[in-house]
Amino acid sequence: MLDNKYPPEPFRIKSVEPVKMIDRAAREEVIKKAGYNTFLIDSEDVYIDLLTDSGTNAMSDRQWAGMMIGDEAYAGSRSFHTLKETVQEYFGFKHMIPTHQGRGAENILSTIAIKPGQFVPGNMYFTTTRYHQEANGGNFIDIVIDEAHDTQIDLPFKGNIDLNKLQNLIDKEGSENIAYICLAVTVNLAGGQPVSMENMRDVRKLCDKHGLKVFYDATRCVENAYFIKEREAGYANKSIKEIVLEMFSYADGATMSGKKDCIVNIGGFLCMNDDELFMQAKELVVVFEGMPSYGGMAGRDMEAMAIGIKESVQEEYIEHRIKQVRYLGDNLLAAGVPIMEPIGGHGVYLDAKRFCSHLTQEQFPAQALAANLYVESGVRAMERGIISAGRNKDTGENHAPKLELVRLTIPRRVYTYAHMDVVAKAVIALHEKKESIKGLRFVYEPKMLRFFNARFEEI
Ligand SMILES: *Cc1c(COP(=O)(O)O)cnc(C)c1O
C-alpha cells in the first residue's frame, strides 16, 4: 500500500528550469574560491539550492498574469490600492507602506519607534532586525522561552515569548525604557518554531497593562498559522485566513518580508494602526524607499504580491508546504542525523554541535558543515550559528549562541519529494563520515552582517 502521510503537490508544473550538477572536483574548486562561504557560490554551480526560502519562491500562473496588469504609475498606482486592500483584508491593519523587502520595513520602524538607549525585547534575534534596532540605539533583549535554545526539547510552540522574562524586564527597566516588543512568527533562528495564539494573547494583555506596543515580524505568519491549526485547541476547524487575522489582532503593527510567505521574489511592507506613527513612516519612506504608494516595489511586484497573499492562506498550499519540510526532516531523523526538533515551518536545521562534535564552536562547525555538504552533493545550505550571530556591539566579543545550526531551507513550490530524497541521502552520507569535516578560520571578516561576505580557510 502506498503511504499517503505526505500530501502530493497541490499544483501541476507549467514552466520548468533545468538544474545540473557539476562534478566533485569542480565543487572542491568552487568552495575554495568562495572562501568556504555558501553565500559566495554562484547559483550556476549549485544542484539543489536550499540556501534560503527568501525570494526563491515559484510564482503561480495567476501571479505571472498579475505581472502584466501591474500599474507602473509613479504615484497613485492601481496596483498599490490592490495590495493595500489585500493587506488590510488578510492582515487587518489600518495602514500599509510597501518597502523593497523586509529590512526596508525594519529600517523605518526602528527609526521611528526606538529612542537611543531603549530596549527592544524579542523572541530570539534575527540578523537584519537586530542590526536596525541596534543601529538606532536600541538594545535587543532575547525573551524567547529557554527551550528554544535547545535542539532536543520537543514542544509544540517553541517560539513562545517567556512572559516572566518580559515582566522582569518591565520591572527592572521600566516600560518607558522599552521601545516595543518584537514578536516573530515563526522564529527563524530557532528553526522556524511557531508561537501559540495563547502566547500572543497573553503578550498583548501584559503589554496593554504597561502601555507597550507590540510589532510582529510577520515574515512567516502563514506557516505559524498552520501550526496553530494543527496543534492548538480550538483552531482545528478555523480557516488559515481566520487564524492569521486573529494573530494580527493582538499586534499594533508588523514588518513583512514578502519574499517568504507572500510567495513572491521581492518586496515587503510595514503595517500599523496608529495614525501618528503612520505619518512618520510616510515621511521616512520617501527618503529610503520611494513614494508611499510603491516604496521600492514595481507596480507589477505589488500586483503579484497581492495574489501571493491570497494563495498563501489556501489550506492545500500550506499543508503541502509544512509537510514537505517535515518529510525531509523525518527522513534525517530516521537515519540518526541530529536536527533541531520539532521540525519547523520553512526548513530543516542540522544541529552542527552534535553533527560535528569533534569541533569547538570557535572552529565554526556549522559553517564547515555547510561547506562540506556542498562539496559532497552540490546542495547549498546556510550557516545559522556563531558566524550569523556576529559580535557584541559594545565588547567586540563573538556572540556564542547555544544554537549552532545549518539551515536546509525549502523554497516554496520549487522542489519535489524526489529532490528531498536526494538531499536526505547526501546529508546521511556526510553524517557517516562526519569526522572528515575540518574546522575553519576567518581570512576576511566584514564589520556588519558578516555572514553574507565573510571568507574562510580550513584549519
Ligand atoms: C528574511 C527575514 C527578514 C528580513 O527580510 P528581507 O526581505 O530579507 O529584508 C526579517 N525577519 C525574518 C525572520 C526573516 O526571515
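Please refer to the structure placed before this passage.
Residues numbered from 1 in each chain as written. Predicted model: local features only at pLDDT ≥ 70, side-chain atom pairs only at ≥ 80, totals over all residues. Heavy atoms only, no water.

1. Overview of the site of the ligand
And then number 1: Taken together, 14 residues sit near the ligand, with Gly102, Arg103, Asp217, Ser257 and Lys260 positioned nearest.
And then number 2: In the model, an oxygen atom of the ligand is placed 3.0 Å from a nitrogen or oxygen of the Gln101 side chain.
And then number 3: Contact between the ligand and Arg220: an oxygen atom at 2.9 Å from a side-chain N or O atom of the residue.
And then number 4: Surface burial for the ligand is 96%, taken as the share of its 380 Å² of free accessible area covered by protein chains. (Near = heavy atom within 4 Å. Polar contact = N/O pair within 3.5 Å; in protein donor to acceptor, adjacent residues only side chain to side chain. Areas by Shrake-Rupley, 256 points an atom, 1.4 Å probe, with all protein chains shown as cover.)

2. Things to note about the pattern of salt bridges
And then number 1: Using the criterion set out here, one finds 34 salt bridges in the structure.
And then number 2: For Asp202, the salt bridge goes to Lys205, with nearest N and O atoms at 3.8 Å. Residue Asp202 and its partner Lys205 are located together in helix H7 (residues 197–209), separated by three residues, close to a single helical turn.
And then number 3: Several salt bridges share partner residues, and in doing so they unite Asp53, Arg220, Glu223, Asp261, Arg321 and Arg412 into one network. (Salt bridge = Lys/Arg side-chain N within 4 Å of Asp/Glu carboxyl O. Helix = DSSP H or I, 4+ residues; strand = E, 2+ residues; numbered from the N terminus.)

3. Re the nonpolar core
And then number 1: Judged by nonpolar contacts, the single largest core of 62 residues is most densely connected at Phe91, Tyr216 and Phe269.
And then number 2: In terms of residue count, the dominant contributor to this core is helix H8 (residues 221–231) (six residues).
And then number 3: Other than its neighbours up to four places away in sequence, Phe91 contacts Ala218, Cys221, Leu245, Phe248, Met256, Phe269 and Ile309.
And then number 4: Counting 53 residues, the second-largest nonpolar core is a separate cluster that includes Leu50, Tyr327, Phe364 and Val406. (Core = buried A, V, L, I, M, F, W, Y, C linked by side-chain atoms within 4.5 Å. Buried < 20%, exposed > 50% of the residue type's maximum accessible area, 1.4 Å probe, protein only. Contact = heavy atoms within 4.5 Å.)

4. Some words on the side chain of Asn188
And then number 1: Its place among the elements puts Asn188 in the loop between strand E5 (181–184) and H7.
And then number 2: Once you skip the residues sitting within four places of it in the chain, Asn188 turns out to touch Phe126, Arg220, His346, Tyr349 and Arg407.

5. Topic: a nonpolar patch on the surface
And then number 1: Residues Val286, Val287 and Phe288 make up a contiguous nonpolar surface patch of about 290 Å² in total accessible area.
And then number 2: Under the relative-accessibility criterion, Val286 is labelled partly exposed at 44%. (Patch = residues over 30% accessible without salt bridge, like charges linked within 9 Å, V, L, I, M, F, W, Y side chains within 5 Å.)

6. Structural notes on helix H11 (residues 299–312)
And then number 1: Over its 14 residues, H11 runs 20 Å from end to end, which matches the ideal 20 Å to within 8%, given 1.5 Å per residue.
And then number 2: Of all 14 residues in H11, 11 are buried, a share of seventy percent or more.
And then number 3: Burial in H11 covers these residues: Gly299, Asp301, Met302, Glu303, Ala304, Met305, Ala306, Gly308, Ile309, Glu311 and Ser312.
And then number 4: As for H11, its buried residues are in contact with helix H2 (61–68), helix H3 (78–91), strand E2 (95–99), H8, strand E8 (268–272) and helix H12 (315–334). (Expected span 1.5 Å × (residues − 1).)

7. Examining helix H5 (residues 127–135)
And then number 1: Taken together, the buried positions of H5 are Thr127, Thr128, Thr129, Arg130, His132 and Gln133.
And then number 2: Taken from the residues just after H5, Gly137 is the one with a positive phi, measuring 85°.

8. Quick notes on the packing of aromatic side chains
And then number 1: Overall, the coordinates contain 14 aromatic pairs when judged by the stated rule.
And then number 2: Judged by centre distance (5.1 Å) and plane angle (65°), the rings of Tyr74 and Tyr294 are edge-to-face. You can see Tyr74 sitting in the loop between H2 and H3 and its partner Tyr294 sitting in the loop between helix H10 (275–288) and H11, a full 220 residues away along the chain.
And then number 3: Look at Tyr74 and you get exposed, because its relative accessible area is 56%.
And then number 4: Ring centres 5.3 Å apart and planes at 80° place the aromatic pair Tyr180 and Phe215 in the edge-to-face group. Of this pair, Tyr180 sits in the loop between helix H6 (163–173) and E5 while Phe215 is found in strand E6 (residues 214–217), placing the two residues 35 residues apart along the sequence.
And then number 5: One aromatic cluster is present, built from ring pairs that chain together Phe91, Phe93, Tyr216, Phe248 and Phe269.
And then number 6: Across the ring face of Tyr90, the terminal group of Lys241 is positioned such that the distance to the ring centre comes to 4.6 Å. (Phe/Tyr/Trp six-rings, centres within 6.5 Å; stacked < 30°, edge-to-face > 60°. Lys NZ or Arg CZ within 6 Å of the ring centre and 35° of its normal.)

9. Concerning the environment of Pro98
And then number 1: Relative to the assigned elements, Pro98 resides in strand E2.
And then number 2: Residue class for Pro98 comes out buried when judged on its relative accessible area of 0%.
And then number 3: Distance from Pro98 to Asp61, taken between C-alpha atoms, is 23 Å for residues 37 residues apart in sequence.
And then number 4: Every residue in contact with Pro98, bar those within four places of it in the chain, is listed here: Phe80, Gly268, Phe269, Val285, Pro292, Ser293, Tyr294, Gly295, Met297 and Met302.

10. Thoughts on the sheet that holds strand E12 (residues 405–409)
And then number 1: Across the sheet, which stays open at both edges, the three strands sit in the order E9-E12-E11 with antiparallel pairing between neighbours. Looking along the sheet, the strands with just one partner apiece sit at the ends: strand E9 (347–351) and strand E11 (382–384). Between one strand axis and the next, the sheet turns by 35° as a mean value, whatever way the strands run.
And then number 2: Inspection of the sheet shows E9 paired to E12 by five bridges, in the antiparallel sense. The residue bridging Gly347 from the neighbouring strand is Thr409, located in E12.
And then number 3: Lying over the sheet, H12 contacts E9 and E12, oriented at roughly 25° with respect to E9. (Pairing = 2+ DSSP bridges. Axes fitted to C-alpha atoms, helices over the stretch in contact; angles between N-to-C directions.)

11. Re the environment of Val19
And then number 1: Along the chain, the position of Val19 falls in the segment before helix H1 (24–33).
And then number 2: Remark: the alpha-carbon pair of Val19 and Asp45, spanning 26 residues in sequence, is separated by 9.6 Å.

Geometric values such as these leave the question of function open.
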